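Given next are the chains, with one letter for each unit.
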Amino acid sequence: MRRALGVSLFLMLLSLSACALFPHRDPLNITVVGIEPLPSQELEMRFAVKLRLQNPNETAIDYNGVALDLEVNGRTLASGVSDQTGSIPRFSEAVLSVPVSISAFSVLRQTLGLSQTQSLDNLPYVLKGKLAGGLFGTLRFVDRGTLDLPGTAATW
């Protein structure tokens, strides 16, 4: 019994010290820099969301896949994945293009969620995503803001 307790304690201390071996990374700076239309199907729209990823770390960040979810006004609007691979060098930036799909049902939910007096300006959005990088290299990110559509006088 004592031996099992000693081995358990040793393994726990070993696992805690292993965490110290992983370097601390500052979070990536992610911004949406563009949205371009893509060919669509009958009940969906497709867009290429362009992201600028800035690496403020002393080591390069390698990735082998990207996933995105876009929420507008508190409701899921679009999602997309890409199997792109690449690397963002230390203290550098890259632009990534990820195709996303918007179903007609998502658009309908968004439309029904807007009140009669709410305009299309200042709609809050949340872009959640991850850069896949293996077992310990996956980086998750969140970008929040508002959609400002100048010159739109339309209300729902």
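See the structure printed just above.
Since the structure is predicted, the reported quantities are computational estimates derived from the model, not experimental observations.

So, how was this worked out
- Residues numbered from 1 in each chain as written.
- Predicted model: local features only at pLDDT ≥ 70, side-chain atom pairs only at ≥ 80, totals over all residues.
- Heavy atoms only, no water.
- Helix = DSSP H or I, 4+ residues; strand = E, 2+ residues; numbered from the N terminus.
- Contact = heavy atoms within 4.5 Å.
- Areas by Shrake-Rupley, 256 points an atom, 1.4 Å probe, with all protein chains shown as cover.
- Polar contact = N/O pair within 3.5 Å; in protein donor to acceptor, adjacent residues only side chain to side chain.
- Salt bridge = Lys/Arg side-chain N within 4 Å of Asp/Glu carboxyl O.
- Buried < 20%, exposed > 50% of the residue type's maximum accessible area, 1.4 Å probe, protein only.

Peer 1: I tried to follow the overall build of the chain on my own but got confused; where do I start?
Peer 2: On a plain count of helices and strands, the chain comes out with two helices and nine strands. Helices and strands appear in the chain in the N-to-C order α-β-β-β-β-β-β-β-α-β-β. Looking at the chain alone, contacts between residues at least 24 apart form 63% of all its contacts between residues at least 6 apart. Of the roughly 10500 Å² that the chain leaves accessible, carbon and sulfur atoms contribute 60%.

Peer 1: Would you explain unusual backbone geometry in this entry?
Peer 2: With the exception of glycine, most residues fall at negative phi, and the peptide bonds are largely trans. Phi is positive for Asn 73, which is not a glycine, with a value near 55°. Of note in the backbone geometry, Phe 91 takes a positive phi value of approximately 45° without being a glycine. Inspection of the secondary structure puts Phe 91 in the loop between strand S6 (86-88) and strand S7 (92-103).

Peer 1: What exactly am I supposed to notice about the environment of Leu 68 here?
Peer 2: Residue position: Leu 68 is located in strand S4 (residues 66-72). For the pair Leu 68 and Leu 127, spaced 59 residues apart in sequence, the C-alpha to C-alpha distance is 6.9 Å.

Peer 1: Even after reading the chapter, I still don't get the side chain of Asn 57, so can you show me in this structure?
Peer 2: Tracing the chain through its elements places Asn 57 in the loop between strand S2 (44-55) and strand S3 (61-63). Within the local environment of Asn 57, its side chain forms a polar contact with the backbone nitrogen of Asp 26, the two atoms lying 2.6 Å apart. Residues in contact with Asn 57, not counting those within four places in the same chain, are Arg 25, Asp 26, Arg 90 and Phe 91.

Peer 1: Would you explain the pattern of salt bridges in this entry?
Peer 2: Two side chains that carry opposite charge are able to pair once their charged atoms sit near each other. This model, assessed by the stated rule, comprises three salt bridges. Its salt-bridge partner being Lys 50, residue Glu 36 comes within 3.2 Å of it at the nearest N-O pair. Taken together, the residues Glu 36 in strand S1 (residues 29-38) and Lys 50 in strand S2 connect sequence positions 14 residues apart. Given the relative accessible area of 39%, Glu 36 is considered partly exposed. Linking Glu 93 and Arg 52 is a salt bridge whose minimum nitrogen-to-oxygen distance equals 3.0 Å. One end of the pair, Glu 93, is in strand S7; the other, Arg 52, is in strand S2, with 41 residues separating them in the sequence.

Function cannot be read off these values alone, since they describe shape.
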